[in-house]
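# Tertiary structure, described
Here is what each chain is made of, one letter per residue.
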Amino acid sequence: MGFMEMLLRKKAPNSAAARKSRAMELHGQAIKYVTERVNENDNVVGRGGSISVRNGQLILFSSDKILLRADVLTLDASYLLSGDGVVLTAPNLEEAGKERRYVAYFVYYRK
């Protein structure tokens, strides 16, 4: 397989490689605030913080606490259409595997 073929080959969206790749894209991302939808309302549950990946787990840290610790292989991460945030859905290892869905909004840095 040539170099160009390797670059053009796409990963299946729910494969382990694709999930790891999305998680690594988020590693080190600064967070402005985090919301969670409860009873049709979006509640702000954290301000400031970051997303990091350690030992195969994605950690969402905000407001001086860990909101989400999830195994990268069970994580569903999708970017908002605006590009200024990400929706993270996964069983939370901090809460004995309870399914959580957070929307983390990124800090905007002019490049």
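Remember, predicted model here, so these are calculated numbers, not experimental data.

This part covers the sheet that holds strand E2 (residues 41–47). One open sheet holds the 5 strands; their spatial order is E2-E1-E8-E7-E6, and the pairing between them is antiparallel. Taken across any chain shown, the strands that pair with only one partner, and hence form the sheet edges, are E2 and strand E6 (76–79). Across this sheet, the average inter-strand angle for adjacent strands is 25°, counted without regard to direction. When strand E1 (residues 31–38) meets strand E8 (residues 98–106), the two strands line up antiparallel, connected through 5 bridges.

A complete count under the given rule lists 2 aromatic pairs for this structure. Between Tyr 33 and Tyr 105, the aromatic rings sit 4.6 Å apart at their centres with planes inclined by 20°, giving stacked as the arrangement. Here Tyr 33 is found in strand E1, whereas its partner Tyr 105 is found in strand E8, with 72 residues between them in sequence. Geometrically, the ring pair formed by Tyr 79 and Phe 106 is edge-to-face, given 6.4 Å between the ring centres and 65° between the ring planes. Of the two residues, Tyr 79 sits in strand E6 while Phe 106 sits in strand E8, which places them 27 residues apart along the sequence. We classify Phe 106 as buried; its relative accessible area is 12%.

With that out of the way, let us pick up the sheet that holds strand E4 (residues 57–62). Across the sheet, which stays open at both edges, the 3 strands sit in the order E3-E4-E5 with antiparallel pairing between neighbours. Across the chains shown, the open sheet's two edge strands, defined by having one partner strand only, are strand E3 (50–54) and strand E5 (65–71). Direction aside, neighbouring strands of the sheet carry axes that sit 20° apart on average. Where E3 and E4 come together, 5 bridges link them in antiparallel fashion.

The next thing to look at is the pattern of salt bridges. For the coordinates displayed, the defined rule picks out 4 salt bridges. Through salt bridges with shared partners, a single ionic network connects Glu 36, Glu 95 and Arg 100.

Conventions used here
Residues numbered from 1 in each chain as written. Predicted model: local features only at pLDDT ≥ 70, side-chain atom pairs only at ≥ 80, totals over all residues. Heavy atoms only, no water. Pairing = 2+ DSSP bridges. Helix = DSSP H or I, 4+ residues; strand = E, 2+ residues; numbered from the N terminus. Axes fitted to C-alpha atoms, helices over the stretch in contact; angles between N-to-C directions. Phe/Tyr/Trp six-rings, centres within 6.5 Å; stacked < 30°, edge-to-face > 60°. Buried < 20%, exposed > 50% of the residue type's maximum accessible area, 1.4 Å probe, protein only. Salt bridge = Lys/Arg side-chain N within 4 Å of Asp/Glu carboxyl O.

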